[in-house]
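Here is how the chains run, residue by residue.
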Amino acid sequence: MTDNSKFHHGDVDDSVAPIVQMKDIEKHFGNIIALAGVSFDIRPGECHCLLGDNGAGKSTFIKTMSGVHQPTHGEILFEGKPMSFATPRDSMEAGIATVFQDLAMIPLMSVARNFFMGREPTKGRGLAKRFDVDRANEITMAEMRKMGINLRAPDQAVGTLSGGERQTVAIARAVYFGAKVLILDEPTSALGVRQTSNVLATIDKVRSQGVGVVFISHNVRHALAVGDRFTVLNRGKTLGTAKRGEITPEELQDLMAGGQELAQLEGSLGGTV
Amino acid sequence: MSDTTPHTTADERIKAEPLFSRLMKRPELGAIAGVVLVAIFFLITADSAMFTTSGIINFLTPAAQLGILAIGASMLMIGGEFDLSIGSMVAFAGLFFGICVMVWGLPLIIAIPMTFLFSAFVGAINGTIVIRSGLPSFIVTLAFLFILRGLSLVGLKWASGGSTQLRGVRDATENDWLAPIFSGDAFPALFAWLAEHDLVETFKNGTPKVTGIPVEIIWFVLLALVATYILLRTPAGNWIFAAGGDADAASNSGVPVKRVKVSLFMVTACCAALVAIITVIDAGSTDARRGFQKEFEAIIAAVIGGCLLTGGYGSAIGAFFGSIIFGMVVIGLTYTNFDQDWFQVFLGGMLLIAVLFNNAIRKRVTGER
C-alpha cells in the first residue's frame, strides 16, 4: 500500500467550484502577525496538501478555515458565499470537520460509543427514548469496513486500536456525519510506516467519495503520496500552489525550509521554482 | 487492516471472541467474583443461620443503605468526579427532612419532594463550584464534608432546642399513606401467605420469621437497574462515560460535559437524601452522626464494583455487588468466631485487591502492555 500508483488521485477539473476559498487572508493577534497573506482553496474530491514547518502558522490556518478565528484581512468564501461561523460547532454543522491530533477519542470506550459520542442515534419516545445500540454498532462496523478496517466487534475499546486505526475511526466519523471538507491536522506525524500507509489509503477512499481533504503535514513524502495539489506555508504566507507532477519532493522540502535556502535553490536550479 | 482482508460479517466476528474473554472485560466481573468468594468464605466459617432468609435480609439491609449511595457514587465516578460529602449529605438531608416533618409539620407528600429538591440544590452547588473553578472535586467536596456536617449539628441544635437529635419523626409519619413506600417491609401479605403454606420459616405461633422485604432493598435493586439502564442504553449514559473518559474530547464532540457533571452531583446528593429519608422514618429520629464515613464506604463499594478512580469506566451493577460484599462482611463476621474488628482489615484488603484487579482489567480493555 505504500505504492503510490495504488492511489488514483483526484484529478479535479479547475472548473469545479471550490467548497472553501481563502483569498489573501491575514490574521493578526495584537502585534503578532500569524498569517500574512494566505490563499488556499479546496474542491470536492481532491486532496490539497498544506505543507509547513513548525511555527509556519498551520494551527492558525486551521482555526481560520474552520471558523474559530475571523480573519483580520481578506475574504473566505464557503460554497461561493462569504463565510461567517461563530463557533466550531457551526462550521461542523455546515460540513467543515477538523480531525485534530488528539482525535477526540476516548480509549476506554468502545469504537461504536466513540463513533456516536455526542450524536447518539435513539429509538423510542419520551421516557422510553433510548440509545439505539444495535444501530450504532451496525453503522460503525459498516463504516469502518468501508475504510478497510475490520473490527473484531463494535464494542472493542478504542484503546486496543493502533494509532492509524484510531485516525481512521476519527476520519470515518467525520465523513459519516456529513463532512464536505475534512481538515486533517498532521494525521501521520505520530505513526509508523504501515499505519501511515493505512491512513493515506483512508484519505484516498474519503476523497473518492467526493470529500475535499485538507491534509496538513510537514512530511513531504506523505503529502506527495496522496496529494493532488500542494501549497507551502512559510512564515504565515503561502508561496503559491503547485499541482501534482509540477513539483519535486526536493523543491517542496526547500520551499518549506524558507527564504535563504530558496535563494540558493533558485541559483542552483536555474530559476525553476 | 489492509484492503485484501476478506470482508466478513459483523456477527461472525463477534462470535469469534470467546464468551470468557468477553466476560473478562466487564467492569463488574471483579465484584461478582468477590461476592462468590466472600459467600464461600462465610459458608465455611459462619453459622448456617447467615444464609437463611432472615440471615440474608439481615446483611442485605445495610448493604442496601450503603448501596443506594454507592450507585450514585459510581455514576459520579464514571463521570470523572468524586463526592466526599455524601455521608454528610445524608445527615444534612435528614436534618432538612426532620425539620419539614417536625418543625413545619408537613405531610410526607410535600416533605419528601422538598427534601429531594433541596438535596439536588446542594449537589448542584457542589458541582457548579467544581466545574467553574476547575479544582479537583476531591478538595471541593472535602470542604463540603465538613461544611454539611457542621451545618447539620448547628441546624439540629436549632431545631431541637439544644440537642443533636431530632426525635418523634415516627409518631409524626406513622399514619401517613406515603410512609410504607419509604419505611418498613414490603410485600408483608406475600410473606404471610408463604408462611401459611409452610414455604418460609415460621415462629411457633405461625407468623413468618421474615415479615417482608425491607423497602430499602427494593429501592436498592430498582436504583441499580435504572442506573444500569441509563449508563448502557441511553445517550446520557454515553455522555457520562465520555465526560469521565476525557472531558475535552467529549466536549469537542458535542457532549454537554458541564451539564452532565453537575447533574451527576445532583443525582448523588439525591441518593443521599433517599437514604436519609428511609433511615430517618425507620429510626424515628435524625441525628448529626447519620451517614458518618459513608462517603468512604460508598467509594470503596464503587471501586470494588469496578469503577476506576480516573473516571470513564465502571458500572452501577458492580457497585451493587460491591455493596453486597460490604454488607456480607459487616454482618457475616457476627456469625463467625472472628473478632468483629477484623471488618476494617477486610474492607481495606478488599479495596486494595479491587484496585489492583481493576488496573489489570483496564489494561486488558485498552490493550496497554
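Because the structure is predicted, anything quoted here is derived from the model rather than measured.

Q: So, the sheet that holds strand E5 (residues 81-82) of chain A: which residues are in play, and what are the values?
A: Residues and elements named next belong to chain A. Judged by pairing direction, the sheet is antiparallel, and its 4 strands sit side by side in the order E2-E1-E4-E5 without closing on themselves. Of all strands in the sheet, those bounded by a partner on one side alone are strand E2 (32-42) and E5. One ladder, built from 8 bridges, connects strand E1 (residues 20-29) with E2; its direction is antiparallel. Within the sheet, the bridge partner assigned to Phe29 lies in E2 and is Ile32.

Q: Please set out unusual backbone geometry residue by residue, giving values where relevant.
A: For Glu79 of chain A, which is not glycine, the phi dihedral falls at a positive 50°. When you line up the elements, Glu79 of chain A lands in the loop between strand E4 (73-78) and E5.

Q: Could you give me a rundown of helix H12 (residues 235-245) of chain B, with the residues and numbers involved?
A: With 10 of its 11 residues buried, H12 of chain B lies for the most part within the structure. Along H12 of chain B, the residues that are buried comprise Pro235, Gly237, Asn238, Trp239, Ile240, Phe241, Ala242, Ala243, Gly244 and Gly245 of chain B.

Q: Tell me about the sheet that holds strand E12 (residues 237-243) of chain A, and please be specific about residues and values.
A: Residue and element names in this part refer to chain A. Reading across from one edge, E6-E9-E10-E3-E11-E12 is the order of the 6 strands in this open sheet, with mixed pairing throughout. Unpaired on one side and paired on the other, strand E6 (96-99) and E12 mark the two borders of the sheet. On average, adjacent strands in this sheet sit at an angle of 20° to one another, irrespective of strand direction. Taken together, the 5 bridges between strand E11 (residues 229-234) and E12 define a ladder with antiparallel strand orientation. Of the residues in E12, the one forming a bridge with Phe230 is Ala242. Lying on the sheet, helix H5 (residues 163-176) is in contact with E6 and strand E9 (181-185); it crosses E6 at an angle near 170°. This element, helix H8 (residues 249-257), spans strand E3 (47-52), E11 and E12 of the sheet and lies at about 25° to E11.

Q: Can you explain the packing of H5 of chain A against helix H6 (residues 193-208) of chain A? Please cite residues and give values.
A: Residue and element names in this part refer to chain A. Their axes nearest at 8 Å, the elements H5 and H6 cross at an angle of 15°. By the angle class used here, H5 and H6 are roughly parallel. Remark: the crossing between H5 and H6 carries right-handed chirality. On H6, the residues touching Gly163, Gly164, Gln167, Thr168, Ile171 and Val175 of H5 are Gln195, Thr196, Asn198, Val199, Thr202 and Val206.

Conventions we followed
Residues numbered from 1 in each chain as written. Chains lettered and ligands numbered in written order. Predicted model: local features only at pLDDT ≥ 70, side-chain atom pairs only at ≥ 80, totals over all residues. Pairing = 2+ DSSP bridges. Helix = DSSP H or I, 4+ residues; strand = E, 2+ residues; numbered from the N terminus. Buried ≥ 20, exposed ≤ 12 C-beta atoms within 10 Å, placed from the backbone. Axes fitted to C-alpha atoms, helices over the stretch in contact; angles between N-to-C directions. Contact = placed C-beta atoms within 7 Å. Parallel < 35°, antiparallel > 145°, perpendicular 65-115°, else oblique. Left-handed = near helix turned anticlockwise from the far one by under 90°.

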